[in-house]
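# Per-entry structural report
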Amino acid sequence: MSEVLATGETAKKGRPTPKRKEAEAALRRPLVPEDRKSAKKDARSQAREERARIRAAQLAGDESALPPKDRGPVKSYIRDIVDSRLNVGELILPLMLVVLVLTFLPIRALQFGGLLIVWLILVAGVIDSALLWRRVKRKVTDRFGAPPPKGSAFYTVMRSFQMRMSRIPRPKVKRGAAID
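Residues numbered from 1 in each chain as written. Predicted model: local features only at pLDDT ≥ 70, side-chain atom pairs only at ≥ 80, totals over all residues. Heavy atoms only, no water.

## Some remarks on helix 3 (residues 73-83)
Counting buried positions along helix 3 gives ten out of eleven residues, so the element sits mostly inside the fold. Every buried residue of helix 3 is listed here: V74, K75, S76, Y77, I78, R79, D80, I81, V82 and D83. Tucked into the core, helix 3 has its buried residues touching helix 5 (108-144) and helix 6 (152-161). (Buried < 20%, exposed > 50% of the residue type's maximum accessible area, 1.4 Å probe, protein only. Helix = DSSP H or I, 4+ residues; strand = E, 2+ residues; numbered from the N terminus. Contact = heavy atoms within 4.5 Å.)

## Details of a nonpolar patch on the surface
A cluster of nonpolar side chains, L86, L91 and L95, forms an exposed patch at the surface whose accessible area comes to about 250 Å². Here L95 lies in helix 4 (residues 88-104). (Patch = residues over 30% accessible without salt bridge, like charges linked within 9 Å, V, L, I, M, F, W, Y side chains within 5 Å. Areas by Shrake-Rupley, 256 points an atom, 1.4 Å probe, with all protein chains shown as cover. Salt bridge = Lys/Arg side-chain N within 4 Å of Asp/Glu carboxyl O.)

## Observations regarding the pattern of salt bridges
Under the defined criterion, the tally for this structure stands at seven salt bridges. Across the pair K69 and D70 runs a salt bridge whose closest N-O atoms are separated by 3.2 Å. Taken together, the shared-partner salt bridges connect D83, E90, R159, R167 and R175 into one network.

## Re the UniProt feature "transmembrane region" (unreviewed entry) in the protein
Mapped onto this structure's residue numbering, the UniProt feature "transmembrane region" (unreviewed entry) falls at residues 88-107 and 113-133. Taken as a whole, residues 88-107 contains 85% helix and 0% strand, while its terminal C-alpha atoms sit 28 Å from one another. The distance from the first to the last C-alpha atom of residues 113-133 is 30 Å, and the span holds 100% helix and 0% strand. (UniProt positions renumbered as here; feature names shortened; annotations may be inferred.)

## Here we look at the packing of aromatic side chains
Evaluation of the coordinates by the stated rule reveals one aromatic pair. A ring pair is formed by Y77 and F144, whose centres lie 5.8 Å apart and whose planes are at 80°; its orientation type is edge-to-face. With Y77 in helix 3 and F144 in helix 5, the pair connects residues that are 67 residues apart, well separated along the chain. Stacked on the ring of Y155, the Lys or Arg K75 has its end atom at 4.6 Å from the ring centre. (Phe/Tyr/Trp six-rings, centres within 6.5 Å; stacked < 30°, edge-to-face > 60°. Lys NZ or Arg CZ within 6 Å of the ring centre and 35° of its normal.)

## What about the confidence of the model for the protein?
When pLDDT is averaged along the protein, the result is 90, and 99% of the positions lie at 70 or above. Considering each helix and strand of the protein separately, the mean pLDDT is smallest for helix 4, with a value of 89, and largest for helix 6, with 96. (pLDDT = per-residue confidence, 0-100.)

This is how it looks when you write it as structure tokens:
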């Protein structure tokens, strides 16, 4: 701010106002760096380091590094409930690989059996997910005094269909642990 003198006038700034041309020239810098290849390489390496840092924090369960859909005590509680049990959804991917092998065999009975296994697994997964969601909804309501937030059903089901070793954030509880 400008300084007010005893006479009521403002003090001079002590230098002339720069011309517009001079002010613009002082702010002007190239849009593209001199060495584009090295600048691109540096930007990529910085982005890679940032992604690695965020991923490590997510794997460790650092709340601030988690995406908004995974934050909060309710979501943490839901993760603990899902991680404390063996879900049918976890078994789908390994069983699908077995079924894939069966479909390549020239024996029709094994191909039909593989197709039957696929449908049985899917039905069992849907039933297991529905029962899990009922349990989660009841426990969250009992613990927090309010129903789970919107999107929690999808969150619960999707986590139950992921294999345990590929879940992010990593499970904090062991299978079979009692979750209050």
